[in-house]
Amino acid sequence: MNLIGIDIGRSKSRVALGNEKGKIKKAVLYPTDPENIYDDLVSKIIELAPKNIDAIAVGITSISSDEGRVDFDISRKANARLEKKLKKRFEVPVVLENDADTASLGEAVLGAGRGEDTVVYVGIGSGVGVGIVKGERIFENTDTKELGHIVIEKGGLECRCGGKGHLEAYISGTAIKKRFGKEQNDYIPKKIWEDIVKYLAKGLLNIIEKYSPNMVVIGGGVANQSEMFLPITIDILSKSLPKGESVQIKKSKFGDRSGLVGALILAKRVAEEKI
Ligand SMILES: [Zn+2]
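Described in the following lines is the structure provided in the data block.

About the criteria used
Residues numbered from 1 in each chain as written. Predicted model: local features only at pLDDT ≥ 70, side-chain atom pairs only at ≥ 80, totals over all residues. Heavy atoms only, no water. Pairing = 2+ DSSP bridges. Helix = DSSP H or I, 4+ residues; strand = E, 2+ residues; numbered from the N terminus. Right-handed = clockwise from strand over helix to strand, strands pointing away. Contact = heavy atoms within 4.5 Å. Axes fitted to C-alpha atoms, helices over the stretch in contact; angles between N-to-C directions. Donors = N, O, S within 2.8 Å, 3.2 Å for Na, K, Ca; no water. Tetrahedral: all angles 85-135°; square planar, octahedral: opposite > 155°, others 65-115°. Buried < 20%, exposed > 50% of the residue type's maximum accessible area, 1.4 Å probe, protein only. Parallel < 35°, antiparallel > 145°, perpendicular 65-115°, else oblique. Nonpolar A, V, L, I, M, F, W, Y, C, P; charged D, E, K, R; others polar.

Overview of the pairing of strand β10 (residues 248–251)
Direction of pairing for strand β9 (residues 215–219) relative to β10: parallel, over a ladder of four bridges. Its bridge partner lying in β10, valine 216 is registered against isoleucine 249. Between the parallel elements β9 and β10, the chain passes through helix α7 (residues 226–240) in a crossover that is right-handed.

This is the structure in structure tokens:
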């Protein structure tokens, strides 16, 4: 099969040509232009696979035209339009999902969470995206969409979405820059990690309590420094979870390509009409 997997992030986008095993054959990376998402996608898809595409799957972050603020309803409508246009242009099945969901699917089915029933993926990049997979299927309800925006500090720091005290406002790459003046790729001293982990653990405890995962996978750009913060996170969680409860926490297997792998899995399913 010739499948197209797409991952549209807030700053970078990726388009891949891959097969039904989730294997990426070719991929391109380019800066996301919120005003030209459709045109950019069409040219990249044609560049990778001039013909014989079987299906397309897109993982997309919440992007609203109103820069800086996220409106989940506006992006839902814009996403539906994008899906329709791609279907019409390429005349193949197209499926569009939240980018944290595609990344979680990639990690749960073929990555760090392989073989586990319930996997929670926490992508920490410029924002925080959380996806849940149960039995190799994306698990969604009204709460799961916005888990990066759960309140962990009542009346706390202002979040990009306009809310206060949200997880994203404390641990995202953007938050780390704002709070400590550090970029995601900078060396970040242990003292700062301890502060970040305090909030990450609060968020994780909340999510673990709600969804009882067998495995938590941490991905996104910040996860590149996982050796600096995963051990302390695991330590705090093991002390905070109720007696007898435990959860495995791992770094993502595919790094910044988890979303592409997940999109290829979805593309295969939609090509076989299993969605
Ligand atoms: Zn928020």
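Some details on the sheet that holds strand β7 (residues 128–134)
The pairing of strands in a sheet happens through backbone hydrogen bonds and is either parallel or antiparallel. Pairing within the open sheet is mixed, and its five strands lie in the order β8-β7-β6-β9-β10. Across the chains shown, the open sheet's two edge strands, defined by having one partner strand only, are β8 (137–138) and β10. Note that strand β6 (residues 118–124) and β9 share five bridges and pair parallel. Across the sheet, valine 119 pairs through a bridge with methionine 215, a residue of β9. Along the sheet, helix α3 (residues 99–109) makes contact with β6, β7, β8 and β9, crossing β7 at roughly 50 degrees. Where α7 meets the sheet, it contacts β9 and β10, and its direction lies at approximately 175 degrees from that of β10.

Regarding the coordination of the zinc ion
Only His149 (ND1), Cys159 (SG), Cys161 (SG) and His166 (ND1) from the protein coordinate the zinc ion, and they sit 2.0 to 2.3 Å from it. One can describe the donor arrangement at the zinc ion as tetrahedral, given that its four donor atoms subtend angles of 95 to 117 degrees at the metal. Each donor residue of the zinc ion lies on the same chain, and together they follow the pattern H-x9-C-x1-C-x4-H.

A short note on the sheet that holds strand β3 (residues 24–31)
Spatially, β3-β2-β1-β4-β5 is the arrangement adopted by the five strands of the open sheet, whose pairing is mixed. The open sheet terminates on both sides in strands that have one partner only, identified here as β3 and β5 (94–98). Strand after strand, the sheet turns through a mean of 15 degrees between neighbouring axes, direction not considered. Where helix α1 (residues 37–48) meets the sheet, its contacts fall on β1 (3–8), β2 (12–18), β3 and β4 (55–60), and the angle it forms with β3 comes to roughly 150 degrees. Packing of helix α8 (residues 258–271) onto the sheet brings it into contact with β1, β2, β3, β4 and β5, and relative to β1 it is tilted by some 135 degrees.

Points about the environment of arginine 269
Position of arginine 269 relative to the elements: it lies in helix α8. Considering only alpha carbons, one finds arginine 269 and lysine 190, 79 residues apart in sequence, at a separation of 43 Å.

Brief notes about unusual backbone geometry
What you tend to see is this: most non-glycine residues have negative phi, and most peptide bonds are trans. The phi dihedral of glutamate 136 falls on the positive side, at around 65 degrees, and the residue is not glycine. Looking at where glutamate 136 falls in the secondary structure, it is placed in the loop between β7 and β8. Here glutamate 136 falls in the partly exposed class, since its relative accessible area comes to 41%. Not every positive phi belongs to a glycine, and serine 212 is a case in point at roughly 40 degrees. Tracing the backbone through its elements, the reader meets serine 212 in the loop between α6 (190–211) and β9. Relative accessible area serves as the criterion here: at 51%, serine 212 is assigned to the exposed category.

Focus on the packing of α3 against α8
Between α3 and α8, the least distance of the axes is 6 Å, while the angle of their chain directions is 85 degrees. Classified by the angle between their axes, α3 and α8 sit roughly perpendicular to one another. Facing α3, whose interface residues are Thr102, Ala103, Leu105, Gly106, Glu107 and Val109, α8 presents Ser258, Gly259, Val261, Gly262, Ala263, Ile265, Leu266 and Arg269. A class-by-class count of the residues in the contact of α3 with α8 yields seven nonpolar, five polar and two charged.

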